[in-house]
Structure formats: structure tokens, C-alpha cells
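For reference, the chains in residue letters:
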Amino acid sequence: MDHISRPLIYIFCIVCSLLWGCASTVPRIPTRGELAGHKIDTTVDSELAKYYLEHFSQGDKTNPKFDILINEIHQTHYRQVSKRETLKFISDNFSVDFAAILFADYLLKHESNKRFQSHFDDVLSKIKYQLKSENLYYCADYSNYFFLFVPGWFYKSDPWTGAALARQRRIVNQLGIDHSLVEIDENATIEENAKVVAESIIQYGQAAKKTILVSVSKASAEVALAIGQLLDSEQTRGIAAWINIGGLLRGTPVADSAMRWPKRWLAKTYFLFKGWDFASVVSMTTQRSRVRWEQLKIPRHMLTINYIGIPLSGDVTVLARDRYMKMRKHGPNDGLTLIADAIAPNSVTLAQMGLDHFFLDPEIDIKAMALIRTLIHYLGACRT
């Protein structure tokens, strides 16, 4: 995350509070545990969530009442826990944090995710060890790849959000990998920007190098539409992989909220004042986005990586908190989209516990490096 201007943050949070509603409070129960090797130290909204994290997931079953309840939930819902409807049911009947932990546990134990996560963690450890002792950037076949970055909403007006993917582009540049940024309209609709993305894929796909797409937030929906509907199989043949970072693949309830009176009037007035087109918000509504998503056929020949944050209630930053709280009624979310809605089908998911939609991670640079090296290895060209 690039340097953040405090005045901009305050203005942003005030506007979000006006548009999306004020945050309520949730219980803050301290917890410290581990989930699939990932240490967690935060607060949660229920004793059940705390117990699952600290005891049940470790095989330490000390509360018969909770043990019976969790076993019943596992038997009836665990296989369907990746669905937003299941997560909402668990959230409504137990707690949002419990649902988030259960979902994270499911993702981290899924065989393909577990394998990729393990490799990623191993590469990350090596990078940390090598920082002062070896050439961090060695890889023989980076030259075979071309990275095409697709930035998020208002990436020019609000670069502090990280939507411009500036840090990730800097890492790729350090590695000496050819790359380019798709100059989409920062506030056009998903449908309009998808056409620009499709044209860029065709343009750069004419080269001999394999393309790796990287998109964030709203841009992931634009990439999905481009590769899943606007382009044919021949035009997407050169795409080796797609990294979907916190994608609004199936829309956001925040946009839904902006459609209702009187928030619609307030939001449209604010957009008019800023000289922005409100149609971009409409294109992110969940109904429109989910209908659009169901019509897509994402190419299966490429490797799709979902890089998502899974925050518990005590992890959410001030930037995302108002919207996170407003969206809790829908289930686990990252402050802008439901976590289940950020995952593409037939993909591998790299879950980052404790991070919300803004990915304010002090290790963001070395994690970007580790993800690139892991991905290239999976594509069969790089040794770690």
C-alpha cells in the first residue's frame, strides 16, 4: 500500500458513513490460535468462534456442548460452506466470525489450495531468509511471461487505495518481467471497461510470450467478462494465468445499498458533485453482477488464483469498518464484497487471514514476490 493521506482517509470514511450507514458494535472477545498453520491474534464476536479457533480446530475438544454443535454443523453444512447462502445461514444462527473461520478452515484444507498455500509459504520463508544473503530475483524463465495489470475503481483519483497496483508493478519491474497497465476508465461501468480489457488482451496476445493477468476489486469483474464472454477461445489461448485480487466478481451489497432511497439520492448527488458517472455503481449491484456472472465461461486452460483477505471482526481496518459492519447481515465479508463471491470457479485460492479489502499488510511486497515465484513455478518455468 502506498503512502496514505490522512485527510483523504477522513473524507473517504465520512462519505462512506453517509452513503452506507453507521457502523454498529459487535462483541470483542480476545482470541489467539492457529488455523492451518496461520497464527491468529485478534477479537471475535462469539465464544463459539473463539472455541473453534483455539480448541476444536486443534483437536482439543474440551467443551462437550460446543463439540456436539460443531460436529452437527460440519455434518450438515461443511461441504456447502463455500456458498454464500450457507455462510449467511451459519452467520444468522451462530455468528459471522464463526462462519468466516469455518470458511477459512474449509479453504485452507482444500487439497489444491493447501498445496499452493504450502508452496507459497515455503517460498515466502525462503525470500525472508534470502533477503540479505542471496539473489532474491533469480529465475531462469521470467522472460517467457508478460504481466498485464488491470487497475481497480478510481485508481487515478485515489492511488492511496492500492487500486493502481503500483507496488505489484514495481516488483515485476524489479524482476525484469515485461508488463503493462491497461488504461481503463477509472469510473466506467464493468461492461464498458471489459471491452478495453478485451482489446488489450488481443493486442498483447499477439506476442510470443504467455500473458498473466492481474486484476483487483472491480477490475476482476471486468477481466472475467472480457475472458469469459467477449473473447473467443483462440483469443484467450495465450493467457497462462489470472490473479484475481479481492475481486467483486458477483458484485457488492454496498452498491445495492446505494440504490435505495434516500441513499440513492445522496449517492447520485455526491457523484454529480464530483463529476462522476453513477452508472459504474449500478454495474456493481449484486443482482446485475450475479446474472452477468452466470453467463460467463471462464477458460479452464489457464491457472486462476484468487488472492483474498478473510478478516475477523477484530481485524477490520478503519477504511473498511463501516461497510464491513453494514454487510455483516449478509455473512463474512472483506468490507466491500462477500468473501464467497470473490472466488472464481475451477481455481486455487490463497487466503490471507486478518486482511480486509484494502490488504494493509506490512509484508505486501515480499508476499507479491512470493506469489509471482510460486505462480511461475506452477506454470512449469521457474525453480524456487
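Small disclaimer: the values here were computed from a predicted structure and weren't measured.

Undergrad: What exactly am I supposed to notice about the overall build of the chain here?
TA: Check the secondary structure of the chain and you find 15 helices and eight strands. Taken over the C-alpha trace, the chain has a radius of gyration of 21 Å; the compact-globule value for 384 residues is 21 Å, and the two agree within 12%. Across its three principal directions, the C-alpha atoms of the chain cover 60 × 55 × 40 Å. Going through the 384 residues of the chain one by one, you find that 56% of them count as buried. Contacts in the chain between residues at least 24 apart in sequence constitute 76% of all its contacts with a sequence separation of at least 6. Of the accessible surface of the chain, which amounts to about 17200 Å², a share of 53% is contributed by carbon and sulfur atoms. Averaged over its 45 positive side-chain charges, the chain has a centre that lies 1 Å from the centre of its 40 negative ones.

Undergrad: Where do I start with the environment of Gly 37 in this structure?
TA: The residue Gly 37 is located in the loop between strand E1 (29-35) and strand E2 (38-44) in this model. A relative accessible area of 53% means that Gly 37 is categorised as exposed. Considered as a pair, Gly 37 and Val 316 are 279 residues apart in the sequence and their alpha carbons are 21 Å apart.

Undergrad: Sorry if this is basic, but what is going on with the sheet that holds strand E3 (residues 145-150) here?
TA: Strand pairing in a sheet relies on backbone hydrogen bonds, with the paired strands running either antiparallel or parallel. The strand order across the open sheet built from six strands is E4-E3-E5-E6-E7-E8, with neighbouring strands paired in parallel fashion. Every other strand in the sheet has two partners, leaving strand E4 (178-181) and strand E8 (348-353) as the edge strands with one partner each. The mean angle between the axes of side-by-side strands here comes to 15 degrees, regardless of whether they run parallel or antiparallel. Alignment of E3 against strand E5 (residues 210-216), held across six bridges, turns out to be parallel.

Undergrad: Please clarify how the packing of aromatic side chains should be interpreted in this entry.
TA: Aromatic rings considered in pairs are described by the distance between their centres and by the relative angle of their planes. One pass over the structure, following the stated rule, counts 18 aromatic pairs. Consider the rings of Tyr 51 and Phe 66, whose centres lie 5.5 Å apart with planes at 55 degrees: the pair is tilted. With Tyr 51 in helix H2 (residues 47-54) and Phe 66 in helix H3 (residues 64-77), this residue pair connects regions lying 15 residues apart in the sequence. Here Tyr 51 matches Phe 66 in class, with each residue buried. Among the aromatic residues, ring-to-ring pairing joins Trp 153, Phe 154, Tyr 270, Phe 271, Trp 276 and Phe 278 into one connected group.

Undergrad: For this particular structure, what's the right way to read the layout of surface pockets?
TA: Any space left empty among the atoms is revealed by the rolling of a water-sized probe across them. Looking at the second largest pocket, its volume works out to about 440 Å³. Lining the second largest pocket are 20 residues, and of these His 38, Lys 39, Gln 352, Met 353 and Lys 367 sit closest to its centre. Where the lining of the second largest pocket is concerned, the elements lending two or more residues are E2, helix H6 (111-130) and E8.

Undergrad: Any chance you could explain the side chain of Thr 337 here in plain terms?
TA: For Thr 337, the position within the fold is in the loop between helix H14 (321-327) and E8. For Thr 337, the side chain forms a polar contact with the main-chain oxygen of Gly 251, separated by 3.1 Å.

Undergrad: Is there a simple way to explain helix H15 (residues 364-378) in this structure?
TA: For H15, built from 15 residues, the straight-helix expectation of 21 Å at 1.5 Å per residue is met to within 8% by its first-to-last C-alpha distance of 21 Å. The first or second residue beyond H15 is Gly 380, which carries a positive phi of 90 degrees.

Undergrad: For this particular structure, what's the right way to read the packing of helix H7 (residues 166-174) against H15?
TA: The relative placement of two packed helices is expressed as an angle between their axes plus a distance between the axes. Two elements in contact, H7 and H15, have axes separated by 10 Å at closest approach and are oriented at 55 degrees. Judged by the angle between their axes, H7 and H15 are oblique. The handedness of the crossing between H7 and H15 comes out as right-handed. Facing Arg 167, Gln 168, Ile 171 and Val 172 of H7, the residues of H15 in contact are Ile 364, Asp 365, Ala 368, Met 369 and Ile 372. Residues belonging to the contact of H7 with H15 are distributed by class as follows: six nonpolar, one polar and two charged.

Undergrad: I keep staring at the pairing of E8 and nothing clicks. Help me out?
TA: Regular strands place their side chains on alternate faces of the sheet. Among the six residues in E8, six count as buried, and that is most of the element. Here E8 shows two buried faces, one formed by Val 348, Leu 350 and Gln 352 and the other by Thr 349, Ala 351 and Met 353. Relative to E8, strand E7 (residues 303-310) is paired through six bridges, and the arrangement is parallel. Along E8, the bridge assignment pairs Ile 308 with Ala 351.

Undergrad: Please explain the confidence of the model for the chain as it appears in this structure.
TA: Do not read the predicted coordinates in detail wherever pLDDT is low. On average, residues of the chain carry a pLDDT of 90, and 90% of them reach 70 or more. Here residues 1-14 is a poorly scored stretch, pLDDT under 50, and it has 26 contacts once near neighbours within four places are set aside; other chains count.

Reading the values: the criteria
- Residues numbered from 1 in each chain as written.
- Predicted model: local features only at pLDDT ≥ 70, side-chain atom pairs only at ≥ 80, totals over all residues.
- Heavy atoms only, no water.
- Helix = DSSP H or I, 4+ residues; strand = E, 2+ residues; numbered from the N terminus.
- Rg over C-alpha atoms; globule rule 2.2 N^0.38 Å.
- Buried < 20%, exposed > 50% of the residue type's maximum accessible area, 1.4 Å probe, protein only.
- Contact = heavy atoms within 4.5 Å.
- Areas by Shrake-Rupley, 256 points an atom, 1.4 Å probe, with all protein chains shown as cover.
- Lys, Arg positive; Asp, Glu negative; His and termini not counted.
- Charge placed at Lys NZ, Arg CZ, Asp CG, Glu CD.
- Pairing = 2+ DSSP bridges.
- Axes fitted to C-alpha atoms, helices over the stretch in contact; angles between N-to-C directions.
- Phe/Tyr/Trp six-rings, centres within 6.5 Å; stacked < 30°, edge-to-face > 60°.
- 1 Å grid on protein atoms, 1.4 Å probe; cavity = no way out; pocket = protein on both sides within 12 Å on 5 of 7 lines; lining within 4 Å.
- Points joined across faces, edges and corners; volume = space filled by probe spheres on them.
- Polar contact = N/O pair within 3.5 Å; in protein donor to acceptor, adjacent residues only side chain to side chain.
- Expected span 1.5 Å × (residues − 1).
- Parallel < 35°, antiparallel > 145°, perpendicular 65-115°, else oblique.
- Left-handed = near helix turned anticlockwise from the far one by under 90°.
- Nonpolar A, V, L, I, M, F, W, Y, C, P; charged D, E, K, R; others polar.
- pLDDT = per-residue confidence, 0-100.

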